[in-house]
Structure formats: structure tokens, C-alpha cells
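Residue strings, one per chain:
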Amino acid sequence: MVNVVVSNKDWHKNFVNEIERITHSRLIYINDKSMVNYKTLIQYNPRYIFFPHWSNIVPAEVYDNFECVIFHMTDLPFGRGGSPLQNLLVRGIYNTKLSAIRCVKDLDAGAVYMKMPLSLYGNAEEIYLRASNLTKKMIINIIMKNMHPSPQNGCPVNFKRRKKEDGCINGLKRIEEVFDYIRMLDAEGYPRAFINIGRFHIEFERASLKNGYIKADAKIVMKEDYDEQKK
């Protein structure tokens, strides 16, 4: 049996040998967008195609012809949509579930294979690595048990994808909120939480919450230089 893993993150490549050994199946790893098409994938004739982390749109010709499994960091149907980690933390939700669902046309609306509890403590990088390890376990379970998904139950709650400007900590009222904003954006490839003071743009990372205060690393640039970089 052949399965495919498609991911933007190199750490998923480290799982290939372990998954193959446990499931006794062949695993094809793809990180090239140009290979995610029907013509390429039909050559492997995969049982499942897993998308543990993929920032590109999955083409309809792929999810219509293969059983594609995506992973979403909410207890679906609660939290369909973009920026799940950030949207959970701004709502004060610190424990969630990682949902493995079938990829369909409607966003995060596919039937559910399985869910596993996921803690949202730590910074974003730590949380994503924790979710990655859970993803590995779920992939193994789905392959070993030859799982078929069941429809989602409950009333959907949709999230909107958060924008770079949503990371501004101006206007927050509690020190815990500021801490959550900093840590939820503290991962590779994410714009950091920030504040603008006069002519200065200040970004924060590596925060720790103490007794009534936060310690964090700060990067300070002239606001006009930051605005120029965004163009």
C-alpha cells in the first residue's frame, strides 16, 4: 500500500521512516507544489494523501480523485477557517483538539476521521511541533485502521483569517492578553506581535509571563523604515 504526505514543513519528512516501519506501507513525501496534481499522483495510486501542513490550495482534481486528509487545530465544526491557533487564543481557549478531516470544496467542512486533544500552552513554534507529533500518530492510526470518516456534528462556527495588523497589542487591557498575543505569533514565518509608539515600531518574541509582568525580546525599528519594507 502506498500513501502520500504533502507538507511545507521539513520536520514532517522526519516521520516518513517511522510511519513506514509501523504501518508496513510505502510513504511518498512531497514538498513541491508542482507535484500536487492528478497526473503526478495517479502514478502512485495512493490509499490516502495526507496534508499535515500545506499553505497552498489543494486542487479539486486532487481531492475529487483521491482520499485527501487535512489537519485542523480546532474541535470541528467549531473554528472552521483561517488562523485557528490565533483565533483560539484571542478567545481565551487554551485546550483544543486536532481534527483529521477529509478535504472537500467547502473550507474545513469535510467528514472527520479522528480527533486528538491538543494543549495550546507555550509559544506558537512549540504548539506547532506538538501538533506535528500528534499528526504523526493520527496518520499511523488512519493507515493501520483503514479509517473512513464520519460527517461533522454540530453547528459550524467560522473563523476569519487574521492579518498582520491584527497582531498589534495597542488597546489590550490585561497582561495575560499581551502575553497570548506575543506567543501566538512567535513562530517561523509569522509576523510578530507589535506596538507602535511615536516614530517607532516595536516587535516582541520569546516572552515569559512572570508575577504581574512579561519579559520578552524586543526589536525596535523606525516606523517609516518598517512601512517601507511592507511595500
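Placed above this text is the structure.
Quick look at the structure, then. Keep in mind that this is a model prediction, so the values were computed, not measured.

Here we come to the layout of surface pockets. Taken as a whole, the largest pocket encloses approximately 1400 Å³ of empty space. Forming the boundary of the largest pocket are 50 residues, of which His53, Trp54, Ser55, Pro84 and Arg161 lie nearest the centre. Breaking the lining of the largest pocket down by element, the ones donating at least two residues are strand E3 (49-53), strand E4 (68-72), helix H4 (84-90), strand E6 (95-102) and helix H5 (124-145). Looking at the lining of the largest pocket element by element, the count peaks at 5 residues for H5. Taken as a whole, the second largest pocket holds about 170 Å³ of empty space. If you list the elements that add at least two residues to the lining of the second largest pocket, you get strand E10 (200-209), strand E11 (214-222) and helix H7 (223-230). Split by residue class, the lining of the second largest pocket holds 4 nonpolar, 2 polar and 5 charged.

Where burial is concerned, most of helix H6 (residues 175-184) is hidden: 7 out of the 10 residues are buried. Those residues of H6 not exposed but buried are Val178, Phe179, Asp180, Tyr181, Ile182, Arg183 and Met184. Of the surrounding elements, those touching the buried residues of H6 are H4, H5, strand E9 (193-197), E10 and E11.

Our focus in this paragraph is the nonpolar core. By size, the foremost hydrophobic cluster in this structure holds 44 residues, and its most contacted members are Phe50 and Ile142. Apart from the residues within four sequence positions on either side, Ile142 is in contact with Tyr48, Phe50, Val69, Ala100, Tyr113, Met114 and Met147. If you look at the next biggest cluster of nonpolar residues, it comprises 20 residues, including Val58, Val62, Ile70 and Leu76.

The next point concerns the sheet that holds E4. The strand order across the open sheet formed by 6 strands is E2-E1-E3-E4-E6-E7, and the pairing between neighbours is mixed. Pairing within the sheet leaves two strands with one partner each, and these edge strands are strand E2 (26-30) and strand E7 (112-119). Across the sheet, the axes of successive neighbouring strands diverge by a mean angle of 20°, strand direction being ignored. With 3 bridges joining them, strand E1 (residues 2-7) and E3 adopt parallel strand pairing.

This part takes up empty space enclosed by the protein. In total, this model carries 1 cavity of 30 Å³ or more according to the counting rule given. Roughly 40 Å³ of volume is contained in the largest cavity. If you go around the largest cavity, the residues you meet are Val5, His12, Phe15, Ile19, Leu27, Pro52, Thr135, Lys136 and Ile139. The element best represented in the lining of the largest cavity is H5, accounting for 3 residues. Of the residues contributing to the lining of the largest cavity, the split by class is 6 nonpolar, 2 polar and 1 charged.

To continue, consider the state of the cysteines. Scanning all chains against the criterion turns up 0 disulfides. Take Cys103: it sits in no disulfide, and the sulfur closest to it among the cysteines is that of Cys68, at 5.7 Å.

Residue placement: Asp180 occurs in helix H6. Judged by its relative accessible area of 6%, Asp180 is buried. Put simply, Asp180 and Asp75 are 105 residues apart on the chain and 20 Å apart in space, counted from C-alpha to C-alpha. Ignoring sequence-local partners within four residues, the contact set of Asp180 consists of Leu89 and Tyr94.

Backbone-to-backbone hydrogen bonds pair the strands of a sheet. The strands run either parallel or antiparallel. Strand order in this open sheet of 3 strands is E9-E10-E11, and the pairing throughout is antiparallel. Lying at the two open borders of the sheet, with one neighbouring strand each, are E9 and E11. Direction aside, neighbouring strands of the sheet carry axes that sit 30° apart on average. Here E10 pairs with E11 via 8 bridges, running antiparallel. Paired with Leu209 across the strands is Ile214, a residue of E11. Its contacts with the sheet put H6 on E9, E10 and E11, and the angle it makes with E10 is roughly 100°.

Reading the values: the criteria
Residues numbered from 1 in each chain as written. Predicted model: local features only at pLDDT ≥ 70, side-chain atom pairs only at ≥ 80, totals over all residues. Heavy atoms only, no water. 1 Å grid on protein atoms, 1.4 Å probe; cavity = no way out; pocket = protein on both sides within 12 Å on 5 of 7 lines; lining within 4 Å. Points joined across faces, edges and corners; volume = space filled by probe spheres on them. Helix = DSSP H or I, 4+ residues; strand = E, 2+ residues; numbered from the N terminus. Nonpolar A, V, L, I, M, F, W, Y, C, P; charged D, E, K, R; others polar. Buried < 20%, exposed > 50% of the residue type's maximum accessible area, 1.4 Å probe, protein only. Contact = heavy atoms within 4.5 Å. Core = buried A, V, L, I, M, F, W, Y, C linked by side-chain atoms within 4.5 Å. Pairing = 2+ DSSP bridges. Axes fitted to C-alpha atoms, helices over the stretch in contact; angles between N-to-C directions. Disulfide = S-S within 2.5 Å.

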